[in-house]
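In case you want the letters, here they are:
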Amino acid sequence: MSSHADAILSDARKELGNPARRLLGKQVLTLGGLSLLSGCDLSTDSSINMMLRTMSGLNDQAQALLFNPRQMAPTYPESMITRPFPFNAFYGIDEVPEVDPASYRLQVSGLAKGKRAWTLAELGALPQASQITRHICIEGWSAIGHWGGVRFADFLQQAGADLTAKYVSLHCADNYWTSIDMPTALHAQTLLTLTYDGQLLPPQYGFPLKLRIPTKLGYKNPKHIVAISVTNDYPGGYWENQGYNWFGGS
């Protein structure tokens with residue numbers, strides 16, 4: 001039995017050498033999970049992929065069941081803010097997109113009856129909130145930042161979104177996209193941010209608009225948002241479609 005488990009681990013580690021599978025490795029390759037799979041044939045790449053995705057799906061379901069929409073993520077004093085806050089993306093800092101604030105429009109589509117396009121001035125006129133929370137990256141580092149903007153739940157209500165829908169998908173000016181479950185979208189700390197540390201959101205941190213979700217890992221916090229869609233169809237995401245866990249809880 002142990003030799004078979006060792007063989008599974010060896011083959012899975014080869015597959016997980018792809019950075020797009022690192023999170024799966026951390027979350028699904030436990031001895032308990034492997035023991036459940038001891039009767040499976042994992043001799044091919046496709047069977048390993050199927051195993052990883054099956055376990056990731058089970059992980060998503062478990063995280064969704066454990067998620068408490070009333071439980072708040074920790075907040076911190078200003079003295080603990082990380083300065084400078086780290087830049088992180090799937091590209092270099094010299095490739096940060098330039099978005100024209102004058103022509104910018106946030107498009108809202110899908111299961112939403114209200115306003116379909118929002119200017120930055122209109123977003124700034126909505127009631128604002130702020131938070132000092134910790135950003136947790138799957139690469140093993142974390143940083144505390146000060147974010148300000150519109151509670152996402154308030155924005156979705158203003159936009160006439162169907163709050164009983166399953167998913168909210170977000171698309172960005174840097175060709176990134178991700179999606180979240182509606183309970184996370186409605187969480188009191190999920191913030192559509194316009195500012196960082198009291199100033200206009202800098203380009204490297206997501207200008208003109210970033211979604212800050214302190215209850216989820218960093219890759220679920222998209223930057224440079226240009227479009228939001230409310231849907232009941234599973235939307236996937238940039239990293240999620242490459243093997244990252246979809247729920248992404250921190």
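What you are looking at is a predicted structure, and each value in this text was computed from that prediction instead of being measured.

As for the overall build of the protein
- In terms of helices and strands, the protein carries seven helices and ten strands.
- Within the protein, the fraction of its 250 residues that count as buried is 50%.
- Restricting to contacts in the protein with at least 6 residues of sequence separation, those with at least 24 account for 70%.

Details of the pairing of strand β7 (residues 191-196)
- Burial within β7 is extensive, with five of its six residues counted as buried.
- As judged from the five bridges shared by strand β4 (residues 142-151) and β7, these two strands associate in the antiparallel manner. Pairing of Arg-151 across the sheet is with Leu-191, part of β7.
- In this sheet, strand β9 (residues 210-212) lies alongside β7 in antiparallel orientation, the contact comprising three bridges.

Things to note about the packing of aromatic side chains
- Within this structure, the stated rule accounts for 20 aromatic pairs.
- Ring centres 6.4 Å apart and planes at 5° place the aromatic pair Phe-152 and Phe-155 in the stacked group. With Phe-152 and Phe-155 both in helix α6 (residues 152-158) and three residues apart, the pair spans about one turn of that helix. For the residue pair Phe-152 and Phe-155, the accessibility class agrees, reading buried in each case.

Points about the environment of Val-168
- Tracing the chain through its elements places Val-168 in strand β5 (residues 167-172).
- Linking Val-168 and Val-230, residues 62 residues apart in sequence, is a C-alpha distance of 4.6 Å.
- Non-local contacts of Val-168, meaning those with residues more than four positions away in its chain, are made with Phe-152, Leu-156, Thr-178, Ser-179, Ile-180, Met-182, Ala-185, Ile-228 and Ser-229.

Considering the sheet that holds strand β6 (residues 177-181)
- The five strands lie next to each other as β2-β1-β10-β5-β6, forming an open sheet whose pairing is mixed. Edge positions in the open sheet fall to β2 (117-118) and β6, since each of these has one partner strand only.

Quick word on unusual backbone geometry
- Cis geometry marks the peptide bond from Arg-83 to Pro-84, where omega comes out at -5°.
- Looking at the secondary structure, you find Pro-84 in the loop between α4 (45-66) and β1 (106-110).
- Note that the residue after Phe-207, namely Pro-208, is joined by a cis bond; omega there is 5°.
- Mapped onto the elements of the fold, Pro-208 is located in the loop between β8 (199-200) and β9.
- In the Ramachandran plot, Asn-175 falls in the positive-phi region, its phi being about 70° despite a non-glycine side chain.
- Tracing the sequence through the fold places Asn-175 in the loop between β5 and β6.
- According to the relative accessible area criterion, Asn-175 is exposed, its value standing at 62%.
- Not every positive phi belongs to a glycine, and His-224 is a case in point at roughly 55°.
- Among the structural elements, His-224 can be located in the loop between β9 and β10 (225-231).

Cut-offs applied
Residues numbered from 1 in each chain as written. Predicted model: local features only at pLDDT ≥ 70, side-chain atom pairs only at ≥ 80, totals over all residues. Heavy atoms only, no water. Helix = DSSP H or I, 4+ residues; strand = E, 2+ residues; numbered from the N terminus. Buried < 20%, exposed > 50% of the residue type's maximum accessible area, 1.4 Å probe, protein only. Contact = heavy atoms within 4.5 Å. Pairing = 2+ DSSP bridges. Phe/Tyr/Trp six-rings, centres within 6.5 Å; stacked < 30°, edge-to-face > 60°.

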